[in-house]
Amino acid sequence: MKKLIFTVLVLWLVTSGYAQRMLPGQMGLEVSAGTFSADSPHKNYFVGVALAAMTKRGNYQLYGAEYSHRYASYKGTNIPLETFLGEAGYSFSLLADRKKAVAFYAAITGVGGYETINRGNDMLFDRAKILNDEGFVYGAGGRLSCEVYLFDSMVLILQGRARMLWGDFIRTISTVPWRRITI
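Small disclaimer: the values here were computed from a predicted structure and weren't measured.

Caption draft 1: Spatial organisation of the nonpolar core. Judged by nonpolar contacts, Ala72, Tyr74, Ile79, Leu81, Ile117, Leu124, Ala128 and Ile130 together constitute the single largest core of eight residues. Ranked by size, the runner-up nonpolar core spans seven residues in total, among them Ala50, Ala52, Met54 and Tyr60.

Caption draft 2: Up close: the pattern of salt bridges. The tally for this structure, following the rule as stated, stands at six salt bridges. One salt bridge connects Arg143 with Glu30, and the closest N-O pair in it is separated by 3.4 Å. Here Glu30 lies in strand E1 (residues 27-35) and Arg143 lies in strand E7 (residues 135-151), a separation of 113 residues in the sequence. Glu30 carries the same exposure label as Arg143, and that label is buried. Across the salt bridge formed by Arg163 and Glu87, the nearest N and O atoms sit 3.2 Å from each other. Of this pair, Arg163 sits in strand E8 (residues 154-166) while Glu87 sits in strand E4 (residues 77-96), and the two are 76 residues apart along the sequence. Assessed through its relative accessible area of 28%, Arg163 is described here as partly exposed. If you follow the salt bridges from partner to partner, you end up with Glu30, Glu66, Glu87, Arg143, Arg161 and Arg163 in one network.

Caption draft 3: Inspection of the sheet that holds E7 at higher detail. If you walk across this open sheet you meet the seven strands as E1-E2-E3-E4-E5-E7-E8, and the pairing is antiparallel. Taken across any chain shown, the strands that pair with only one partner, and hence form the sheet edges, are E1 and E8. In this sheet, adjacent strand axes meet at a mean angle of 20° when their direction is disregarded. Alignment of strand E2 (residues 45-54) against strand E3 (residues 60-74), held across ten bridges, turns out to be antiparallel. What sits directly across from Ala53, in E3, is Gln61.

The rules we used
- Residues numbered from 1 in each chain as written.
- Predicted model: local features only at pLDDT ≥ 70, side-chain atom pairs only at ≥ 80, totals over all residues.
- Heavy atoms only, no water.
- Core = buried A, V, L, I, M, F, W, Y, C linked by side-chain atoms within 4.5 Å.
- Buried < 20%, exposed > 50% of the residue type's maximum accessible area, 1.4 Å probe, protein only.
- Salt bridge = Lys/Arg side-chain N within 4 Å of Asp/Glu carboxyl O.
- Helix = DSSP H or I, 4+ residues; strand = E, 2+ residues; numbered from the N terminus.
- Pairing = 2+ DSSP bridges.
- Axes fitted to C-alpha atoms, helices over the stretch in contact; angles between N-to-C directions.

Here you go:
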């Protein structure tokens, strides 16, 4: 019962604001962090920052940067895989309530950046060699989000994102000339 009362109270507070929101020219800062793996979140994570600039009809332009750090296991050791990405796109308002306290968005983005494997060192501890080079990656992305204004100047965003990167090579390690291990 307490949870129900708390939820109703929070929803009432969230939807009772009368401030003008989503006006053209308003800007917002988005900070995000997450993990790729639940078993080792301190090893496989991403952090990002984005700037949103509101345009007409509640839509906005999105510019962001993200750093991701993952590990691939190889013979009991971890090989770091790092990616630095920049993103630019446009987000369309799908649905919003009259007071604009809750809104749903869909976005299309272009992505580009740089990927490094084992921090540029292609030789491993057992004299195996990483056959792929570090290099530039590019692609496209999309996101669906639900944005809830907690206060006039703070928004809670629940979003799902997907990206497709080209130039992201299959990582292979050559231990002997006739045998390859794919990470």
